[in-house]
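Structural features, examined
In case you want the letters, here they are:
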Amino acid sequence: MNRKRRIAGILFLLMNILNLSAQDVEFSQFYANKVYLNPAFAGSDFDTRISMNYRNQWPEISSAYVTYSVAYDQYVNQLGGGIGLQVMQDEQGDGTISTTTVSGMYSYTLRVSKNLAVKAGFQTSFIQRRLNDSNFTFPDQTDEFYINGLINPFTGESAIDHLNRSYVDFSSGLIASHKNWFIGFAAHHLTEPDEAYKNESDYSKLPRKYTLHCGVNVPVFRRGLHQSDIGLAPNFLYQQQGTNKQFNYGLYLSKGSLVVGMWYRDNLELEYDAIILQVGVMRDWWQVAYSYDKTVSKLIHTNTGAHEISFLMRFKNSKRNRNSCQEIALRSRRKIGRIKCPHF
């Protein structure tokens, strides 16, 4: 039964590869992987930041989609903005399709006023996609009446021309923040690069992806006098890539170091896809979070949702002379440029 499920999962992925346009990896913890969401987030925390993310989507369908991501970013005062580097590995169909992405980004901060800052980010990526045809199962290799599924280890199907595909990709983004509000826009795959594995006469573009995200941090006051350690952060995110559209909206609730969140994901026609539940712990120099996507669409009978884990570390620079005029000016500029957005 496990072998049949494995075969069915691979065939399911192949049908999607042959008939649909490519779509980017999707993380439910958007702000735990900021530079992936929008390159303008590079250096937004000013201190050095290292983030790690793991996502396992539909785990019962032959390891359908498993993604690993590691990112580094920091603010560089001499550049007037931030720099970042991200390495991401995505495995589909138990390694049938592997995608490695290495991205470098730079963001520039424009301080319009005391409370208003605008960040512009630019990203260049090198992407390599590999196709492992040893995992393929074709119709002439199977028999539905044979208990193990496979009757023939060989196939009459022709070989694929290119098992590796490499290309360069470009993205950009903008973020504006005013006090506790922020709004951002990102455009990924600006040149819509070719991802075709076949001969050069075929063309399979990676559709451009547009992202719009916005939110506000709302402090909760106790007795109207003293601010408590409880905060609310309603947010929404809209993404469109080719014909695929999604709308995420939800709320983060924080108390002390504990953060919980709940999101809904659907399209503009209010056809619900999943409910996202999150819980995390945030300290001064580290944070960790877990989220689960509970499927509520028609796919509820064919998959078990998605699991996601994030871990982030911050390294504060304590070597500067805190009494120097340069440090005071730097702290002032940091206060203006910092974006008060969720961390998960």
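The structure we're discussing is the one just above.
Attention here is on the structure that accompanies the text. (Residues numbered from 1 in each chain as written. Predicted model: local features only at pLDDT ≥ 70, side-chain atom pairs only at ≥ 80, totals over all residues. Heavy atoms only, no water.)

Re the pairing of strand 7 (residues 181–188)
Applicable threshold: Here the rule is simple: two strands pair whenever DSSP picks up at least two bridges between them. Each helix corresponds to a stretch of at least 4 residues labelled H or I by DSSP, and each strand to a stretch of at least 2 residues labelled E; elements are numbered beginning at the N terminus.
By the bridge criterion, 7 bridges tie strand 6 (residues 164–178) to strand 7 in an arrangement that is antiparallel. The partner of alanine 176 across the bridge, within strand 7, is isoleucine 183. Connecting strand 6 to the next strand, strand 7, in antiparallel fashion are 2 residues, including lysine 179 with a positive phi near 55°. Where strand 7 and strand 8 (residues 209–216) come together, 8 bridges link them in antiparallel fashion.

Observations concerning empty space enclosed by the protein
The condition is simple: Using a grid of 1 Å spacing that covers the protein atoms alone, one calls a set of points a cavity when a 1.4 Å probe fits there but cannot get out, and a pocket when the set is open and has protein on both sides within 12 Å along at least five of seven lines; lining residues are those with an atom within 4 Å of a point. Grid points are joined across faces, edges and corners, and a volume is the space filled by probe spheres set on the points. Polarity classes work like this: nonpolar for Ala, Val, Leu, Ile, Met, Phe, Trp, Tyr, Cys and Pro, charged for Asp, Glu, Lys and Arg, and polar for all others, with Gly in that last group.
As enumerated under the stated definition, the model contains 2 cavities of 30 Å³ or more in all. Computed from the structure, the largest cavity encloses a volume of approximately 110 Å³. Taken together, 13 residues make up the lining of the largest cavity; nearest its centre are Phe27, Phe30, Tyr36, Leu37 and Gln239. Of all the elements in the fold, those that place two or more residues in the lining of the largest cavity are helix 2 (34–37) and strand 8. Class assignment of the residues belonging to the lining of the largest cavity gives a composition of 5 nonpolar, 6 polar and 2 charged. Put simply, the second largest cavity is a space of about 50 Å³. Lining the second largest cavity we find Tyr31, Ala32, Asn33, Lys34, Val35, Arg49, Ser51, Ala71, Asp73 and Leu312. Every element with two or more residues in the lining of the second largest cavity is listed here: helix 2, strand 1 (48–57) and strand 2 (65–76). Among the residues forming the lining of the second largest cavity, the class breakdown is 5 nonpolar, 2 polar and 3 charged.

Quick notes on the nonpolar core
Our working definition: What we call a nonpolar core is a set of buried Ala, Val, Leu, Ile, Met, Phe, Trp, Tyr and Cys residues that are connected through their side-chain atoms within 4.5 Å. For every residue, the accessible area (1.4 Å probe, protein chains only) is compared with the maximum for its type, and the residue is labelled buried under 20%, exposed over 50%, or partly exposed between those bounds. Should any heavy atoms of two residues lie within 4.5 Å, those residues are considered in contact.
Of all hydrophobic cores here, the largest spans 17 residues; its most connected members are Phe30, Tyr31, Leu37, Phe41, Tyr252, Ile339 and Cys341. Those elements giving two or more residues to this core turn out to be strand 10 (226–241) and strand 12 (258–266). With sequence-adjacent residues up to four places away left out, leucine 37 is seen in contact with Phe30, Tyr31, Ala186, His188, Thr211, His213, Leu237 and Gln239.

Quick word on the packing of aromatic side chains
This is how the line gets drawn: Each aromatic pair joins two rings of Phe, Tyr and Trp (for Trp, the six-membered one) with centres within 6.5 Å, and gets the label stacked for planes under 30 degrees apart, edge-to-face for over 60, and tilted for any other angle.
Applying the stated criterion across every chain yields a total of 14 aromatic pairs. Between phenylalanine 30 and tryptophan 263, the ring centres sit 5.0 Å apart and the planes meet at 70°, which makes this aromatic pair edge-to-face. Of this pair, phenylalanine 30 sits in the loop between helix 1 (2–19) and helix 2 while tryptophan 263 sits in strand 12, placing them 233 residues apart in sequence.

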